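Chain residues, written in single-letter form:
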Amino acid sequence: MSFFFEVLIAGLLSGVMYALVALGFVLVYKASGVFNFAQGAMVFFAALTCVGFNEVFGLSLWIAIPLTMLVMVILGMAIEKIVLRRLVNQPEITLFMATIGLSFFIEGLAQLLWGSQPHKLTLPIEDVPIAFLMDQFNMLISQFDVIAACICAILVLVLALLFSKTKIGRALRAVADDHQAALSVGIPLQHIWAVVWAVAGFVSLVAGLLWGARNGVQFSLVYIALKALPVLILGGFTSVPGAIAGGLIIGASEKLAEVYLGPIMGGGIEGWFPYVLALLFLLVRPEGLFGEKIIRRI
Amino acid sequence: MFYREAGQFKTTYAADSQIFPIKQDRIGIALLFACAFFVVPFVAPAYVISAILIPFLIFSLAALGLNILTGYAGQLSLGSAAFMAVGAFASYNFVLRIPGIPLLLAFALGGICASLVGMAFGLPSLRIRGFYLAAATLATQFFVVWCLTKISWFTNSSSSGVITAQEMTILEFHFHTPASKYVLTLSIVAVLALLAKNMVRSNIGRSWMAVRDMDVAAEVIGIRLMRTKMLAFAVSSFYCGIAGALYAYAYLGTVEPEAYNLDLSFRILFMVIIGGAGSILGAFLGAAFIILLPILIDFITHALALPTSVSSNLELMVFGGLIIFFLIVEPHGLARLWQITKEKCRLWPFPY
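Presented here is a report on the structure given in the accompanying data block. (Residues numbered from 1 in each chain as written. Chains lettered and ligands numbered in written order. Predicted model: local features only at pLDDT ≥ 70, side-chain atom pairs only at ≥ 80, totals over all residues.)

Things to note about the overall build of chain B
Heads up, the condition is: In this text, helices come from DSSP runs of H or I with a minimum length of four residues, and strands from runs of E with a minimum of two, each type numbered from the N-terminal end. As defined in this context, the radius of gyration uses C-alpha atoms, and a globule is described by 2.2 Å times the residue total to the power 0.38. For every residue, the other C-beta atoms within 10 Å of its own C-beta are counted; 20 or more classify it as buried, 12 or fewer as exposed, and values in between as partly exposed. C-beta atoms are placed from the backbone. Note that contacts rest on C-beta atoms placed from the backbone: two residues are in contact if these are within 7 Å.
Broken down by element type, chain B carries 14 helices and 4 strands. A globule of 352 residues ought to have a C-alpha radius of gyration of about 20 Å, and chain B, at 21 Å, matches this closely. Taken over the C-alpha atoms alone, chain B extends approximately 70 × 60 × 45 Å along its principal axes. Taken over 352 residues, chain B has a buried fraction of 43%. In chain B, the proportion of contacts linking residues at least 24 apart, taken out of those at least 6 apart, comes to 76%.

Right, here's the structure in full:
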């Protein structure tokens with residue numbers, strides 16, 4: 001039984017990491033209606049830039065991280081200024097395609113600047129099992145995962161407050177509802193978008209650091225964005241708590257399925273299981289767990 | 001001055017509803033076909049045929065399939081490569097396990113298998129739409145490739161999971177040379193493209209477009225949603241399946257399930273968007289653009305003598321940048337640009 005819990009908790013903790021990436025998606029989608037496929041590329045870019053500052057310029061991590069944050073904010077604003085501003089009021093699919101183009105661009109840029117070989121990123125958090133749980137329950141739970149989960153929880157709390165309590169948050173939600181209507185009541189669309197993209201850049205930096213420390217900073221970081229998609233459809237595209245709940249469900253069920261169903265089905269089911277799970281789930285609740293109910297008028 | 005329909009009077013209903021109502025268009029298309037069938041195979045070098053023209057035709061067909069689903073019926077899909085894989089592996093198994101089966105029949109059966117799979121994975125579209133659907137179609141992509149890799153029966157138990165497409169033979173004629181493969185591919189693509197053009201002009205196409213524009217309203221005016229959406233998935237997957245089979249047989253020769261990965265799906269989606277969603281011509285223009293662009297960028301970086309590590313990354317950047325550029329300049333795709341050019345030509349030299 002302790003093995004079951006070990007798998008479950010490891011799954012939940014890795015789910016938190018997925019949720020972190022999904023959070024970036026939700027932020028941008030909620031505020032600008034853009035399904036930002038470049039989120040994965042931004043995570044990669046952030047992690048690589050941070051490592052690059054650290055290794056190439058020999059800066060310590062405590063200087064490299066704020067510097068990278070600055071770079072990400074500038075990147076976010078540049079994206080808004082150069083790409084999205086010119087695509088206002090286009091259909092969602094066009095914006096989506098633009099972000100796919102963007103992800104190619106960012107991937108190329110990141111590797112052009114910092115080289116394409118994989119790097120190691122060491123954060124001052126040790127990846128060791130927690131001794132207490134080890135002794136008492138005989139479970140292997142990494143300290144790193146727990147701290148990552150805490151960071152994620154704080155981030156979510158702050159973002160939830162930002163969205164529900166502040167003036168900017170209200171403006172963000174208005175923009176998400178309807179670009180033109182928001183513009184006509186005097187919400188400065190461009191400012192709002194710049195803010196959102198800057199925040200998305202910040203979230204992707206956090207995700208990039210945690211994922212990079214876990215798996216190494218390499219090109220495959222781009223693909224974790226894909227893992228965030230089932231999380232998103234489970235939780236609903238527009239809900240911050242949904243991203244967390246979706247992440248936990250996907251993380252846990254994926255690990256449990258791999259351990260208990262994998263041997264029966266020939267292994268490697270981690271690759272598609274989350275998607276099929278999300279698909280089946282959508283048949284019951286088409287707008288995800290926490291998504292807004294879509295009311296359609298003719 | 002020469003491109004206008006002045007003086008071309010339609011006296012019958014048939015003449016009024018033909019595919020190309022303008023005479024100059026008909027002449028142009030006839031010339032294009034004549035050139036593609038009778039001049040190109042003899043003139044073009046083998047490299048151009050096998051590395052550019054054949055993949056161009058195959059990708060056009062796949063883009064056409066996705067365009068039917070996304071551009072006409074409005075169902076966003078990221079799983080087109082999976083349907084291509086189903087088509088390819090099904091055709092391979094039909095040829096392998098039924099001796100003496102005609103090649104075209106095997107392709108058609110492969111396409112039908114793909115459309116069955118497409119309909120199965122299209123079922124959720126009755127409940128969900130938009131990006132939720134797109135993300136859900138990723139399930140198809142990963143599941144199908146996993147299935148083909150894991151179940152060795154599909155690859156005839158080959159240890160590496162790679163299949164080698166059998167030789168293409170129709171009525172004792174062997175398709176060895178690039179030129180003959182090209183002509184076969186071109187014939188299939190031409191027939192299917194004409195079919196698609198007619199389909200989208202008929203009531204099927206109109207009901208697809210009604211569903212795309214607003215499915216609730218379409219249901220109200222008496223279009224059966226389930227049937228229409230399933231038909232769109234079936235036809236689209238059939239086209240993708242045939243394209244996949246050609247991809248294996250006429251282009252690559254040996255192929256593994258991983259060749260039909262998510263990247264391929266995205267490339268096909270790019271072709272549809274760049275070419276113009278909801279346009280048959282757009283599928284071809286988009287495919288040409290996406291095929292030629294990397295070659296062009298490659299050529300330029302070679303000319304500048306940049307190191308490979310720089311040039312490959314630069315290629316990514318230019319590719320991404322150009323996609324964004326095109327979306328900003330013309331969100332309706334190359335087909336729209338072509339249409340604008342034609343309008344201009346009709347008015348030239350007196351545009352008032």
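So, the overall build of chain A
Scanning chain A from terminus to terminus reveals 12 helices and 0 strands. Buried residues in chain A amount to 48% of all 298 residues. Counting only contacts in chain A whose residues sit at least 6 apart along the sequence, the fraction spanning at least 24 positions is 74%.

Points about the interface of chain B and chain A
For clarity, the cut-off: Three categories are distinguished: nonpolar for Ala, Val, Leu, Ile, Met, Phe, Trp, Tyr, Cys and Pro, charged for Asp, Glu, Lys and Arg, and polar for the others, with Gly belonging to the last.
On the side of chain A, 38 residues touch chain B, which itself brings 34 residues to the contact. For the side of chain B that touches chain A, the secondary structure elements donating two or more residues are α6 (131-150), α9 (215-220), α11 (262-275) and α13 (308-329) of chain B. With 13 residues, α13(B) is the largest single contributor of residues to the side of chain B that touches chain A. Looking at the side of chain B that touches chain A residue by residue, the classes come out as 28 nonpolar, 4 polar and 2 charged.

Focus on helix α9 (residues 189-215) of chain A
Under the convention used in this document: Each residue after the first adds 1.5 Å to the expected span of a helix.
Taking 1.5 Å as the rise per residue, α9(A) with 27 residues should run 39 Å; its terminal C-alpha atoms sit 37 Å apart, in good agreement. Where burial is concerned, most of α9(A) is hidden: 20 out of the 27 residues are buried.

A look at the nonpolar core
Note the threshold: To form a nonpolar core, buried Ala, Val, Leu, Ile, Met, Phe, Trp, Tyr and Cys residues must be joined through C-beta atoms within 7 Å.
Counting 207 residues, the largest nonpolar core has Ala19(A), Ala22(A), Val43(A), Ala47(A), Val196(A), Ala85(B) and Ala136(B) as its most contacted members. Here this core takes 17 residues from helix α1 (residues 2-32) of chain A, the largest share from any one element. Every residue in contact with Ala19(A), bar those within four places of it in the chain, is listed here: Cys152(A), Val231(A), Ala243(A), Ile244(A), Gly247(A) and Leu248(A).

Interpretation in functional terms is not warranted from these geometric data alone.
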